[in-house]
Amino acid sequence: ALSRANASQGSYTTPKESLSPARLTQKTLLCAAQGVRKVNLFPGRYIDGQHHLALGEASRTIWENERFYYRGQREDALVSLTTTDGRAPDREATAHTAWTHDKESLVTVFNFTATPLPLRLDLAVPVAAVTDEDGQVLALDTGLERPVVPITIPAHGTRLLTLQR
C-alpha cells in the first residue's frame, strides 16, 4: 500500500515509511512497471495537493505506457545496469524493468537514493534508437561489446527509455 503520515490524524505507516510526493510518484510507477494493475492508497485524512498532483503525474505516465506494462512481454534481460566505471550498482539504490510490445521496448529505471545517479544502460540487443520520456533521442555508444546508453536518474526519480529495434 502507498501511504503518508499525518501529524493531525496519525499514520497507517511509520514516519520512515511515509512518502514524499516524488517518492509517491516513483512508488506508483514502480507498481505499474512490475505489472501491478491496482494499488491501494491509505493517506490519512489530510493528504495535501502535492500528493494529488504526484498521483496524477504517475497516472498519466502509466496511461501513456500501458501498452508495455499491461499488454507487453516482460523482458528484463534486454538490459543491465552498471555504474559509469562498469560495476554493478547497489541493489538498494536502483532497479529496472523492461517490457516489449511490437517492435519497441520500454525500460523503466528507478533511483531510490537522495542524489542523482549516473548509470550505463547496457543493451543485450541491437537497437535503431533510444528515446527518453520527453521524446529526445539519446546518444548510443556502439563502440563497445554491447551497445551502451549513459543516463542520469534524478534523486528519487524514474527514467523511461524506449528502445526502437
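Keep in mind the model is a prediction, meaning the values are calculated, not measured.

**Side note on the sheet that holds strand E5 (residues 94–101)**
In space, the five strands of this open sheet follow the order E3-E5-E6-E10-E8, with antiparallel pairing throughout. Pairing within the sheet leaves two strands with one partner each, and these edge strands are strand E3 (73–74) and strand E8 (129–131). Sheet topology places E5 next to strand E6 (residues 104–111); eight bridges connect them, and they run antiparallel. Along E6, the bridge assignment pairs Trp99 with Leu106.

**Structural notes on helix H1 (residues 21–33)**
Since the α-helix turns once every 3.6 residues, residues separated by three or four places project in the same direction. For H1, which comprises 13 residues, the first-to-last C-alpha distance of 18 Å matches the rise-based estimate of 18 Å (1.5 Å per residue) to within 8%. All of the buried residues along H1 are Leu24, Thr25, Gln26, Thr28, Leu29, Leu30, Cys31, Ala32 and Ala33. Once H1 ends, the next one or two residues include Gly35, with phi positive near 90 degrees.

**Looking at the sheet that holds strand E9 (residues 148–153)**
Judged by pairing direction, the sheet is antiparallel, and its three strands sit side by side in the order E4-E7-E9 without closing on themselves. The open sheet has two edge strands, strand E4 (79–83) and E9, and neither has a second partner. Going across the sheet, the axis of each strand differs from the next one's by a mean of 30 degrees, ignoring polarity. Sheet topology places strand E7 (residues 117–123) next to E9; six bridges connect them, and they run antiparallel. In the strand pairing of E9, Leu117 is matched with Ile153.

**Some remarks on the nonpolar core**
Formed by 19 residues in total, the largest nonpolar core has its most connected members in Val109, Leu121, Leu123, Val130 and Ile151. Every element with two or more residues in this core is listed here: E4, E6, E7, E9 and strand E10 (158–164). If one sorts the elements of this core by residue count, E7 sits on top with four residues. Ignoring any residue separated from it by four or fewer positions in sequence, one finds Leu123 in contact with Leu78, Val79, Val130, Leu140, Arg146, Pro147, Val149 and Leu163. Counting 12 residues, the second largest nonpolar core, distinct from the first, contains Leu30, Ala33, Ala58 and Phe68.

Criteria and thresholds
Residues numbered from 1 in each chain as written. Predicted model: local features only at pLDDT ≥ 70, side-chain atom pairs only at ≥ 80, totals over all residues. Heavy atoms only, no water. Pairing = 2+ DSSP bridges. Helix = DSSP H or I, 4+ residues; strand = E, 2+ residues; numbered from the N terminus. Expected span 1.5 Å × (residues − 1). Buried < 20%, exposed > 50% of the residue type's maximum accessible area, 1.4 Å probe, protein only. Axes fitted to C-alpha atoms, helices over the stretch in contact; angles between N-to-C directions. Core = buried A, V, L, I, M, F, W, Y, C linked by side-chain atoms within 4.5 Å. Contact = heavy atoms within 4.5 Å.

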